[in-house]
Amino acid sequence: MRIGFLGPAGTFSHAAVHASPRTPADAELVPAGTVHATVLAVQSGTVERALVPIENALEGAVNATLDALAFDAPDVRMVGEEVLAVRHCLVAAQDVPLAAIRTVLSHPQANGQCQDFLRRELPSAAVLPAASTAEAIRLVAAGEAPDPPAAAIGTALAAELYGAVVLREGVEDDASNVTRFVWLARDGAVDDAADAPGGRWKTSVVFSGDGDGRPGWLVRCLSEFAFRGVNLTKIESRPARHRLGHYLFHLDMDGSIADPRVAEAVAALEIHGASTRVLGSYLAA
Ligand SMILES: O=C(O)C(=O)C[C@]1(C(=O)O)C=C[C@@H](O)C=C1
């Protein structure tokens, strides 16, 4: 099985693939340059599965994943979930005092998860975005980061892989930091976990609509879940991308779409004129 992830080697996504019990021992791991490219590799069939970040406890939604799924990957479904503890390291090409560092490079999600540390310890460093944490570490280790001396934020494994030095460990703003990832597959792919007995299931859907001209359209949509006792675990709105003030709503809920209460609540969104897509039902991490 070919499994896509945000590369290069040493990202948190890579660590999550390795940590997942769903990764077969003989899997071929295929790095992609961006989260968008990772999702599209599933859509195009270049890989059979991918594991992508979708939400972080400190920094919130990974918009690249939500938008790629909603706009560019109509045949991709969520088939599983993982939660990974995310411990960030500040690394550099060699041992330098923090006061000398002029630039910090990392994935924007990682920079956001360490913003208190960056404000406190590196107040005058420029914080720049990189395609991933491991790519930031690779660039810093290779002396290719702008305005040196530069540091990067990422995994201890990436520091080791690219020959960088760990200056500080645990620079995330809260030690309980975790990121939630979702397993993706093309619609209709045989899901090995689908027949798993028991376990807690979740369902993710995305819906949008123009409202019905009365106040409270979104409340009426969401009440379909409340009335049926379906517990929503997350709601996220993203721009619908055609007009200001129009949104897509991403919902996560407890229960499988095979549960009639979930299926009926999702189907009832149509009564309110919403167009809805079920992104998948999967065993919760
Ligand atoms: O850059 C990485 O290491 C990734 O795997 C991406 C990512 C993310 O986009 O959320 C994954 C986990 C952490 O939250 C930080 C970065």
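Rules used in this analysis
Residues numbered from 1 in each chain as written. Predicted model: local features only at pLDDT ≥ 70, side-chain atom pairs only at ≥ 80, totals over all residues. Heavy atoms only, no water. Near = heavy atom within 4 Å. Polar contact = N/O pair within 3.5 Å; in protein donor to acceptor, adjacent residues only side chain to side chain. Helix = DSSP H or I, 4+ residues; strand = E, 2+ residues; numbered from the N terminus. Nonpolar A, V, L, I, M, F, W, Y, C, P; charged D, E, K, R; others polar. Domains from an automatic or database assignment. pLDDT = per-residue confidence, 0-100. Pairing = 2+ DSSP bridges. Axes fitted to C-alpha atoms, helices over the stretch in contact; angles between N-to-C directions.

Thoughts on the site of the ligand
Stage number 1. Inspection of the region around the ligand gives 14 residues, with F12, S13, Q113, T133 and T179 positioned closest.
Stage number 2. Within the side chain of T133, an N or O atom sits 2.5 Å from an oxygen atom of the ligand.
Stage number 3. One nitrogen or oxygen atom from the side chain of T179 is found 2.8 Å from an oxygen atom belonging to the ligand.
Stage number 4. Going through the elements one at a time, helix 1 (12–19), strand 3 (49–56), helix 4 (108–113) and strand 11 (178–186) are the ones with two or more residues in the shell around the ligand.
Stage number 5. Among the residues making up the shell around the ligand, the classes are represented as five nonpolar, nine polar and no charged.
Stage number 6. When we break the shell around the ligand down by domain, the ones giving at least three residues each are domain 1 (2–85 + 177–186) and domain 2 (89–169).

Considerations on the confidence of the model for the chain
Stage number 1. Put simply, the chain has an average pLDDT of 96, and 97% of its residues get 70 or more.
Stage number 2. With a pTM of 0.96, the predicted complex shows an ipTM of 0.98.

Some points on the sheet that holds strand 7 (residues 103–106)
Stage number 1. The sheet built from five strands is open, its strands ordered 8-7-9-6-10 with mixed pairing. The two strands at the open ends of the sheet, each matched to only one other strand, are strand 8 (126–129) and strand 10 (165–169). Averaged over neighbouring strand pairs, the angle between their axes works out to 30° when direction is ignored.
Stage number 2. Note that strand 6 (residues 89–92) and strand 9 (residues 150–154) share four bridges and pair antiparallel. Across the sheet, the residue bridging to A92 is A151, located in strand 9.

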